[in-house]
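# Structural features, examined
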Amino acid sequence: MVLSHAASDSDVSVHSTFASRYVRTSLPRFRMPENSIPKEAAYQIINDELMLDGNPRLNLASFVTTWMEPECDKLIMASINKNYVDMDEYPVTTELQNRCVNMIAHLFNAPLGETETAVGVGTVGSSEAIMLAGLAFKRKWQNKRRAEAKPFDKPNIVTGANVQVCWEKFARYFEVELKEVKLREGYYVMDPEQAVEMVDENTICVAAILGSTLNGEFEDVKLLNDLLVLKNKETGLDTPIHVDAASGGFIAPFLYPELEWDFRLPQVKSINVSGHKYGLVYAGIGWVVWRNKEDLPDELIFHINYLGADQPTFTLNFSKGSSQVIAQYYQLIRLGHEGYRNVMENCRENMIVLREGLEKTGRFNIVSKDEGIPLVAFSLKDNSSHTEFEISEMLRRYGWIVPAYTMPANAEHITVLRVVIREDFSRTLAERLVMDIEKVMHELDELPSRMIHKISLGEVKSEDNGDNMIVTVKKSDLEKPKEINVKKTDKPIFY
């Protein structure tokens, strides 16, 4: 949710040139109008404003799917008026959700018998899924501590400083201490050894990230599991693992099937994944699955019957659309293992094209890893004259939306650009992006450096100190808001 504010002080009305064919009266911008207007006018007014949005296909900041097949689009529109929570009224939709949960659980190697059903639920995204998984860990830990007559008022979670902001939200909203393993230059994921050292009797779980938002790298869940097994044996604890596979859950099974990160590891008790990322569905669908029924406390499940039948529910919200659940089922049966593997391999190949193109320029250091999410994170080798933020701004002139951001605590001095390779990002687009980046670099090279430019504007003050010249450079108006935005939270918000 974005907190709203009045974006413009120039006018309090909304106008549209073409809508004037239907209505000549301007509309209030922040209040509901008193009178109705023709549907054509309403459409035109909104459509005109939306033209100023960026192109989703060129939004390389986002992991979220921006293209689906027309057949799936039809299914989405046909079910857009179905409320998912009305399970008794829409039993087939409920069945499709159950099938998705079981398919995903099997994909993650859940230890299920032939006739055993998986334990999981569809959510509006990985943020809700993480909240639900965290609540399950907290309640199970509390129940155990209560039974042992021990204090249960100071739970904590151990994570890396690279976790997505939803983990910080969970900790703050549900009063759980967030113990973070700090990053360091050249190592931008959680160190399993440091994480296990931070575990104590109040730790409800350790959260591992399969695909860091910062550089796409997979954390070493196998090593974390093995170290926790040893510590649990030595201390008598039973600290579990949650895997945040929001981005990597639909990548690892197809590109790295031998990688052990899922329910094959005994300490992994729950996993979340975003269907709207590499599950290849439009925004609004996530999943969380548990190892078995014992890992989800019964008291967290509500039962309602006022919609026609007994319905168990474990969600943070109630009503939501059915379209994304149906779209997820479409992708799972339409693509199968073969199709998902082909898509992910194609993404990886296009990532390599982009990475090699950037390396050939000789201007960038590649921060991302070969194994992980198909993305390229890179930084300038020399940012004394120009910054990654300037490159990001200038790329927008070509239509590209490429984010620039600083790393979290202990690595804040590192600034990177990041390009996420989705299914709809072709090799041609990768080659074009490299060309446009080279154009931007050439344009920046033709400009005076930041220091020379600001000296010419009288925006620096110098102090003659013998043989040394001390130069103080003021921040430009463009740099100031970026600094403010970075300081609001050190967690990445691209989800």
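For the structure itself, consult the block above.
To keep things clear, this report deals only with the structure shown in the data block. (Residues numbered from 1 in each chain as written. Predicted model: local features only at pLDDT ≥ 70, side-chain atom pairs only at ≥ 80, totals over all residues. Heavy atoms only, no water.)

## Observations concerning the sheet that holds strand β14 (residues 404-406)
Pairing is antiparallel across the open sheet formed by four strands, whose spatial order is β12-β13-β15-β14. The strands lining the two open edges of the sheet, one partner per strand, are β12 (364-366) and β14. Between one strand axis and the next, the sheet turns through 40° on average, direction left out of account. In this structure, β14 lies alongside strand β15 (residues 415-420), joined through three bridges in antiparallel fashion. The residue of β15 that forms the bridge with Y405 is V416. (Pairing = 2+ DSSP bridges. Helix = DSSP H or I, 4+ residues; strand = E, 2+ residues; numbered from the N terminus. Axes fitted to C-alpha atoms, helices over the stretch in contact; angles between N-to-C directions.)

## Points about the sheet that holds strand β5 (residues 177-181)
Taken together, the seven strands give an open sheet; going across it, the order is β3-β9-β8-β7-β6-β4-β5, and neighbouring strands pair in mixed fashion. For this open sheet the edge positions go to β3 (119-123) and β5, each flanked by a neighbour on one side alone. Averaged over all pairs of adjacent strands, the angle between strand axes in this sheet comes to 20°, irrespective of strand direction. The pairing of strand β4 (residues 156-160) with strand β6 (residues 203-209) spans three bridges and is classified as parallel. The residue bridging N156 from the neighbouring strand is T203, located in β6. Sitting on the sheet, helix α3 (residues 91-107) touches β3, β8 (268-274) and β9 (286-290), and the angle it makes with β9 is about 60°. (Contact = heavy atoms within 4.5 Å.)

## Quick look at empty space enclosed by the protein
By the definition in use, this model includes two cavities of 30 Å³ or more. Taken as a whole, the largest cavity encloses approximately 60 Å³ of empty space. Of the residues that constitute the lining of the largest cavity, the class distribution is four nonpolar, two polar and four charged. (1 Å grid on protein atoms, 1.4 Å probe; cavity = no way out; pocket = protein on both sides within 12 Å on 5 of 7 lines; lining within 4 Å. Points joined across faces, edges and corners; volume = space filled by probe spheres on them. Nonpolar A, V, L, I, M, F, W, Y, C, P; charged D, E, K, R; others polar.)

## Here we look at the side chain of N162
Residue position: N162 is located in the loop between β4 and α5 (165-173). Residue class for N162 comes out buried when judged on its relative accessible area of 1%. Only 3.4 Å separates the side chain of N162 from the side chain of S212, close enough to count as a polar contact. A distance of 3.1 Å separates the side chain of N162 from the side chain of E219, its partner in a polar contact. (Buried < 20%, exposed > 50% of the residue type's maximum accessible area, 1.4 Å probe, protein only. Polar contact = N/O pair within 3.5 Å; in protein donor to acceptor, adjacent residues only side chain to side chain.)

## Some thoughts on the pattern of salt bridges
The final tally for this structure, using the stated rule, is 19 salt bridges. Of the charged contacts in the structure, one is a salt bridge between K182 and E180, with a shortest N-O distance of 3.7 Å. Assessed through its relative accessible area of 38%, K182 is described here as partly exposed. Between D262 and R264 there is a salt bridge, with its nearest N and O atoms 2.8 Å apart. Looking at R264, the relative accessible area reads 33%, which means it is partly exposed. Within this structure, R57, R422 and D424 form a network of salt bridges that share partners. (Salt bridge = Lys/Arg side-chain N within 4 Å of Asp/Glu carboxyl O.)

## Digging into the pairing of strand β7 (residues 241-244)
Every regular strand shows the same layout, with side chains that alternate between the two sheet faces. Going residue by residue along β7, you find I241 and V243 tucked away on one face and H242 and D244 tucked away on the opposite face as well. As defined by bridge partners, β6 adjoins β7 across four bridges and the pair is classed as parallel. Residue V206 lies in a different strand from β7, and its bridge partner there is I241. Handedness of the crossover joining β6 and β7 through helix α7 (residues 221-235) is recorded here as right-handed. The pairing of β7 with β8 spans four bridges and is parallel. (Right-handed = clockwise from strand over helix to strand, strands pointing away.)

## Side note on the packing of aromatic side chains
Enumeration according to the criterion identifies eight aromatic pairs in this entry. Within the aromatic cluster, the residues linked to one another by ring pairs are F250, F254 and Y340. Cation over ring: K277 sits above F63, and NZ or CZ is 5.3 Å from the ring centre. (Phe/Tyr/Trp six-rings, centres within 6.5 Å; stacked < 30°, edge-to-face > 60°. Lys NZ or Arg CZ within 6 Å of the ring centre and 35° of its normal.)

Purely spatial values, then, with no claim about function.
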